[in-house]
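Single-letter residue listing:
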Amino acid sequence: VSDRPQGMLIGGEWVPSDGGRLAEVRSPATGEAVGEIPVATPTDVDRAVRAARAAQPDVGGLTVYERATMLERVAALIDERREEIAWDLAQEQGKPYQAEALIEVAVAADMWRDAAGIIRYLEGEVLPSTERDRRIVTVREPRGVYAVVSPWNFPATIPTEYLCAGLAAGNAIVWKPATSTPLTALHLARCIMDAGFPAGSVNVVTGPGGAVGEALVAHPGIDAVGATGSPETGEAIARVAGAKPLLLELGGNCPAIVFADADLERVIARTAMGAFANAGQICDSTERILVHESLREDLVEGLVAAAGRERLGPSLEPETTIGPLHNEATASKVERHLGEAAARGARIHAGGRRAEDFPTALYFPPTVIDGVRPDMSIFREETFGPVAAVTSFDSVEEAVALANDSDLGLVAGLFTEDPGLADDVAARLQAGIVNINDVPTYWQPHTPFGGWSGKRSGVGRLGGKYTVLEMSQIKTLVRYVGTRPPATG
Ligand code: NAD
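Procedures and definitions
- Residues numbered from 1 in each chain as written.
- Predicted model: local features only at pLDDT ≥ 70, side-chain atom pairs only at ≥ 80, totals over all residues.
- Heavy atoms only, no water.
- Helix = DSSP H or I, 4+ residues; strand = E, 2+ residues; numbered from the N terminus.
- Buried < 20%, exposed > 50% of the residue type's maximum accessible area, 1.4 Å probe, protein only.
- Contact = heavy atoms within 4.5 Å.
- Areas by Shrake-Rupley, 256 points an atom, 1.4 Å probe, with all protein chains shown as cover.
- Lys, Arg positive; Asp, Glu negative; His and termini not counted.
- Charge placed at Lys NZ, Arg CZ, Asp CG, Glu CD.
- Near = heavy atom within 4 Å.
- Polar contact = N/O pair within 3.5 Å; in protein donor to acceptor, adjacent residues only side chain to side chain.
- Nonpolar A, V, L, I, M, F, W, Y, C, P; charged D, E, K, R; others polar.
- Pairing = 2+ DSSP bridges.
- Axes fitted to C-alpha atoms, helices over the stretch in contact; angles between N-to-C directions.
- Patch = residues over 30% accessible without salt bridge, like charges linked within 9 Å, V, L, I, M, F, W, Y side chains within 5 Å.
- Salt bridge = Lys/Arg side-chain N within 4 Å of Asp/Glu carboxyl O.
- Parallel < 35°, antiparallel > 145°, perpendicular 65-115°, else oblique.
- Left-handed = near helix turned anticlockwise from the far one by under 90°.
- Phe/Tyr/Trp six-rings, centres within 6.5 Å; stacked < 30°, edge-to-face > 60°.
- Lys NZ or Arg CZ within 6 Å of the ring centre and 35° of its normal.
- Disulfide = S-S within 2.5 Å.

J.: Help me understand the overall build of the chain, please; the structure alone is not making it clear to me.
T.: For the chain, the helix and strand inventory stands at 15 helices and 20 strands. Across its three principal axes, the chain shows a C-alpha extent of roughly 80 × 60 × 40 Å. Taking all 489 residues of the chain together, 57% fall into the buried category. Across the chain, contacts joining residues at least 24 apart in sequence account for 74% of those joining residues at least 6 apart. About 19,300 Å² of surface is accessible on the chain, with carbon and sulfur atoms providing 52% of the total. Taking the average place of the 44 positive charges on the side chains of the chain and the average place of its 65 negative ones, the gap between the two points comes to 8 Å.

Structure follows, in structure tokens:
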């Protein structure tokens, strides 16, 4: 089906690993091998970093208009190859080709286009001076060579957030995609090369995170790091990266608060989407539905009906709306959370256990569970499965306390028809984003997205202009403009 490139991309060449080792990529939907990738060695990582260092002056030396034209070409190539990329993405990730993978690839193309617009119009500043004979301006410079580390849940859009902004800002990049979704990465890397970016501006090394990812992040030739993954991974990266500038997008355990006056039909539709999209494997998935006790029963009934309308199935079947979970670790965690909650009195109204009669054991039906309490793992930890988990509250104070009762703070959502209540609660939620009358899962790619300080959801903001700002540094230029040399200093 696909003539995707083979090997890793280093210095513009598709190469095998130095050690010659290969790893299979297996589809969670079928259990079959869908590709093979090299397992990078420390020597490969070193070669990739050197290639990026050699290329960085070429990328940084392009005018922003030249870079913008190339970014637009990447977008056009992704659009042109959309079906081929989405096909591999659906196979290796497990999400439905028709309902989700094609859309993800289209959104990725839009991000490249957007980056072109952002960099063309990114302006510096002229600052006031305390001295008449000094002119002060600020300019944005690349940070240099970035390590980009990306997860498996959105193999096209998440790395694209770093790649398009990083190149727009003039950086060179070494990218370590998720071990289990490297095929999408190879497609994207080829689009970047074919768009005319200098050889070595983006390099791809493949293999396990603990070895390849860590060697990359720790490499002295890496100037800055952008990574999306679990809080544990982010913290491991921070330990080895030391004081290198970090942009970390980590886990979420996002609450949606439903107040007593909320529009219930809307709440049902949106919370079902928020809990079940991408089989719940989204950092801003609607992990905790906090509902006023007066609406609980009706909401649960609506969620059960919504769960019944989903179609669980293999990725490539056109009617599938929920694919399998991505891997066994995720499926076991979902099982453990539900089992523990049910044993402790929570009630499962739909789903609740793995589906049978599918090619792998990773198929998990949309699940609705009610009576979840804050001391249960399903409340405390990110579940990352197609689970609508409902907890009830009696007062506004209790709702806010429940929402903030988490070591993660990425996005929150709230539903009320009272704008004053919405503003008051939004101001008190410890989350980088608050969606009013929508679930935490609602997102527009150009808006600043990231974790609340003091929680474990990450550092910095991704999204359109904000990523370009994070992935560049300010240089201040102070020019003496007097007609005579200054008297002192
Ligand atoms: P993960 O943390 O297991 O892996 C992410 C990436 O890091 C992979 O490429 C992996 O190989 C690499 N890695 C693992 N250990 C490493 C190490 N010690 N050093 C360097 N790299 C290492 O995450 P995952 O299972 O692929 O993705 C799911 C997690 O990602 C969830 O917690 C989810 O919430 C989070 N996530 C966050 C966002 C966000 O924007 N905040 C978006 C998507 C996913």
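J.: Where do I start with the site of the ligand in this structure?
T.: In the neighbourhood of the ligand, 29 residues make up the surrounding shell, with Ser-150, Lys-176, Thr-233, Leu-250 and Glu-382 lying closest. In the environment of the ligand, an oxygen atom lies 2.7 Å from a nitrogen or oxygen atom belonging to the side chain of Lys-176. Take Gly-229: an N or O atom from its main chain is 3.3 Å from an oxygen atom of the ligand. Out of a free accessible area of 840 Å², the ligand has 88% covered by protein chains. Those elements giving two or more residues to the shell around the ligand turn out to be helix H7 (209-218) and helix H8 (231-241). Counting residues per element, the shell around the ligand draws most heavily on H7, which supplies 4 residues. The residue makeup of the shell around the ligand, split by class, is 13 nonpolar, 12 polar and 4 charged.

J.: I tried to follow unusual backbone geometry on my own but got confused; where do I start?
T.: Comment: phi is negative for the bulk of residues other than glycine, and the bulk of peptide bonds are trans. Its identity as a non-glycine residue notwithstanding, Ala-279 has a phi of 55°, on the positive side. With respect to the helices and strands, the residue Ala-279 is situated in the loop between helix H9 (264-276) and strand E13 (286-292). Residue Ala-279 is classed as buried on the basis of its relative accessible area of 4%. Even without being a glycine, Phe-384 presents a positive backbone phi close to 65°.

J.: Whenever I open this one, the side chain of Ser-457 confuses me. Can you help?
T.: When you line up the elements, Ser-457 lands in the loop between strand E18 (433-436) and strand E19 (458-459). A residue is classified by how much of its surface remains accessible, and Ser-457, at 0% relative accessible area, is buried. Within polar-contact distance, the side chain of Ser-457 engages the backbone oxygen of Gly-251 at 2.7 Å. Not counting the four nearest positions on each side in its chain, Ser-457 is found in contact with Leu-248, Glu-249, Leu-250, Gly-251, Gly-252, Leu-408, Gly-409, Leu-410 and Gly-451.

J.: It is not clear to me how the sheet that holds strand E6 (residues 134-142) should be interpreted in this structure. Could you clarify?
T.: Note on sheets: strands pair through backbone hydrogen bonds, and any given pair is parallel or antiparallel. Read across the sheet, 3 strands follow the order E5-E6-E20 without closing on themselves; strand pairing throughout is antiparallel. Both outer strands of the open sheet, strand E5 (125-127) and strand E20 (472-480), are each paired with one neighbouring strand and no more. Taking each pair of neighbouring strands and ignoring which way they run, the sheet shows an average axis angle of 30°. Judged from the 9 bridges that link them, E6 and E20 form a sheet pairing that is antiparallel. Looking at the pairing, Val-139 lines up with Lys-475 of E20.

J.: Sorry if this is basic, but what is going on with a negative patch on the surface here?
T.: A contiguous patch of negative charge on the surface is contributed by Asp-261, Asp-263, Glu-265, Glu-417 and Asp-418. Following the sequence through the fold, Asp-418 ends up in the loop between strand E17 (411-415) and helix H14 (419-428).

J.: How should the packing of helix H4 (residues 97-120) against helix H5 (residues 157-168) be read in this particular structure?
T.: The description of two helices packed together rests on the angle between their axes and the distance between the axes. Look at H4 against H5: their axes get within 9 Å of each other, and the N-to-C directions meet at 20°. The angle between H4 and H5 falls in the class roughly parallel. Classified by chirality, the crossing of H5 by H4 is right-handed. In this structure, H4 uses Glu-104, Val-107, Ala-108, Met-111, Trp-112, Ala-115 and Ile-119 to contact H5, whose residues at the interface are Thr-157, Thr-160, Glu-161, Leu-163, Cys-164, Leu-167 and Ala-168. When its residues are assigned to classes, the contact of H4 with H5 shows 10 nonpolar, 2 polar and 2 charged.

J.: Please explain the packing of aromatic side chains as it appears in this structure.
T.: Counted by the stated rule, this structure contains 4 aromatic pairs. When the centroid spacing of 4.2 Å and the interplanar angle of 10° are considered together, the rings of Phe-358 and Tyr-363 count as stacked. In this structure Phe-358 comes out as partly exposed when scored by relative accessible area, which is 27%. Here the guanidinium or amino end of Lys-95 rests over the ring plane of Phe-154, the centre of that ring lying 3.8 Å away. Between Arg-288 and the ring centre of Phe-379, over which it is positioned, the NZ or CZ distance is 4.7 Å.

J.: In this structure, what is going on with the state of the cysteines? I would like to understand it.
T.: Here, disulfide denotes a covalent bond that connects the sulfur atoms of two cysteines. The tally for this structure, following the rule as stated, stands at 0 disulfides. A disulfide-free cysteine, Cys-254 has its sulfur positioned 7.0 Å from the sulfur of Cys-283, the nearest such atom.

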